[in-house]
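Spelled out from the first residue to the last, the chains are:
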Amino acid sequence: MMSKCFSFTASRDWFYRYSFAKAGLRAHSANLGDGTIMHCWVPRIIKSSKPSLLLLHGFGANAMWQYGQHLHIFTSRFNVYVPDLLFFGESYTSRPERTESFQAQCVMRLMEAHGVHRMNLVGISYGGFVGYSMAAQFQEKIEKVVLCCAGVCLEEKDMDNGLFAVPNLDEAASILLPQTAEKLRELMRFSFVKPAMGIPSFFLSDFIDANYVKEKRELIQAILHGRNLSVLPKITQPTLIIWGEKDQIFPVELGHRLKRHVGESSQLVIIKNAGHAVNLEKAKEFAKHLKSFLIDSAASPSPSPSPGSLTDFIHDKNEG
């Protein structure tokens, strides 16, 4: 009876919607054409004196759940944008592409539709794949990059070589896209060092997302298919790589591999006693590193900034 009368996820969604609105954001859906709609939390009032920050979510809980705890750190310093990636939340496309490159192009079109032409970005897990692709494709538009537990440097052969805790892609997809309470428990065991125990099945079932399962499975397949480190472009932006020491979804070896691939412009932070969901499991430590990289380092002396974006120009004209 309780499961029929009360939805924890619905109430939690309401809470996050309220907190996002209180933080000065509003929900907006943009029609990008070609059958593509992208939903995004955007600033209610854009301040031209602030830089822009794009927060990209991963699989699992939606964007609000993944960034809700950290939003207050950034809204006073940045114009913050939190989109739903395609086939998550209220974003979708009728086009057949499933690569992170296509996702990256759609996110950039979304940002440009909002008048944003330069930005910093944070990408968690799958959001890091999309964020890395944005940084590679649009080098002049992406300033600083944070990649959290994003196995960008994995290769197709890694699955056969036993790098991952699962034997094949189908099993990985069944865990990352759980459709039963038991599979959700398995995802929690893979994602957290200390997962919550003893949660009733009816409660877990409330968290299962049955929307766009086929399309999300295709996104996972596209990540691995033909992936080879030798053809992965290098990004040049200042990059912070954050990893959970005991990540079972993307093992920490991939963090070291990413650091070697990006080179001197990157730094790697490994958070102890944390799994793949390091942003939730070690939220304060995760936030501390984001703040140090994105905010504190920006306060130190640096070269004169390049000319403002079109948003700055329009905003200044409106204020003039």
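Residues numbered from 1 in each chain as written. Predicted model: local features only at pLDDT ≥ 70, side-chain atom pairs only at ≥ 80, totals over all residues. Heavy atoms only, no water.

J.: Looking at this structure, I do not really get the pattern of salt bridges. What am I missing?
T.: Side chains that differ in charge, positive against negative, can pair when their charged atoms come close. Scanning the entire structure with this criterion turns up 18 salt bridges. Here D158 ties to R257 by a salt bridge, and the two come within 2.8 Å at their closest N and O atoms. One end of the pair, D158, is in helix α7 (residues 156-160); the other, R257, is in helix α12 (residues 253-262), with 99 residues separating them in the sequence. We note that D158, like R257, is buried. With its nearest N and O atoms 3.3 Å apart, the salt bridge here joins E186 to K183. Here E186 pairs with K183, and both are found in helix α9 (residues 181-191), just 3 residues apart, close to one helical turn. (Salt bridge = Lys/Arg side-chain N within 4 Å of Asp/Glu carboxyl O. Helix = DSSP H or I, 4+ residues; strand = E, 2+ residues; numbered from the N terminus. Buried < 20%, exposed > 50% of the residue type's maximum accessible area, 1.4 Å probe, protein only.)

J.: Honestly, empty space enclosed by the protein in this entry has me stumped. Any pointers?
T.: Rolling a probe over the atoms, with the probe sized like a water molecule, indicates the empty space that remains. Here the structure, examined in full by the defined rule, presents 1 cavity of 30 Å³ or more. Volume-wise, the largest cavity comes out at about 330 Å³. Lining of the largest cavity is provided by 21 residues; of these, A172, L176, I220, I249 and F250 occupy positions nearest its centre. For the lining of the largest cavity, the elements supplying multiple residues, two or more each, are α6 (126-137), α8 (169-176) and α11 (213-224). With 4 residues, α8 is the single largest residue contributor to the lining of the largest cavity. Residues of the lining of the largest cavity, tallied by class, amount to 18 nonpolar, 3 polar and no charged. (1 Å grid on protein atoms, 1.4 Å probe; cavity = no way out; pocket = protein on both sides within 12 Å on 5 of 7 lines; lining within 4 Å. Points joined across faces, edges and corners; volume = space filled by probe spheres on them. Nonpolar A, V, L, I, M, F, W, Y, C, P; charged D, E, K, R; others polar.)

J.: For this particular structure, what's the right way to read a nonpolar patch on the surface?
T.: A cluster of nonpolar side chains, namely W14, F15 and Y18, defines an oily patch on the protein surface of about 380 Å² accessible area. In this structure, F15 sits in helix α2 (residues 8-22). (Patch = residues over 30% accessible without salt bridge, like charges linked within 9 Å, V, L, I, M, F, W, Y side chains within 5 Å. Areas by Shrake-Rupley, 256 points an atom, 1.4 Å probe, with all protein chains shown as cover.)

J.: Teacher, can you tell me more about the environment of I241 here?
T.: With respect to the helices and strands, I241 occurs in strand β8 (residues 239-244). Under the relative-accessibility criterion, I241 is labelled buried at 0%. C-alpha of I241 to C-alpha of P83: the two residues are 158 residues apart in sequence and 21 Å apart in space. Contact partners of I241, with chain neighbours within four places excluded, come to L147, G255, L258, K259, S266, Q267, L268 and V269. (Contact = heavy atoms within 4.5 Å.)

J.: I would appreciate a short explanation of the pairing of strand β3 (residues 52-56) in the present structure.
T.: The side chains of a regular strand alternate, residue by residue, between the two faces of the sheet. Burial within β3 is extensive, with 5 of its 5 residues counted as buried. Burial along β3 is two-sided: the face carrying S52, L54 and L56 and the face carrying L53 and L55 are both buried. Summarising the sheet, β3 and strand β4 (residues 79-83) pair through 3 bridges and their orientation is parallel. Bridge pairing in β4 places S52 opposite N79. Summarising the sheet, β3 and strand β6 (residues 119-124) pair through 4 bridges and their orientation is parallel. Bridge pairing in β6 places L56 opposite G123. (Pairing = 2+ DSSP bridges.)

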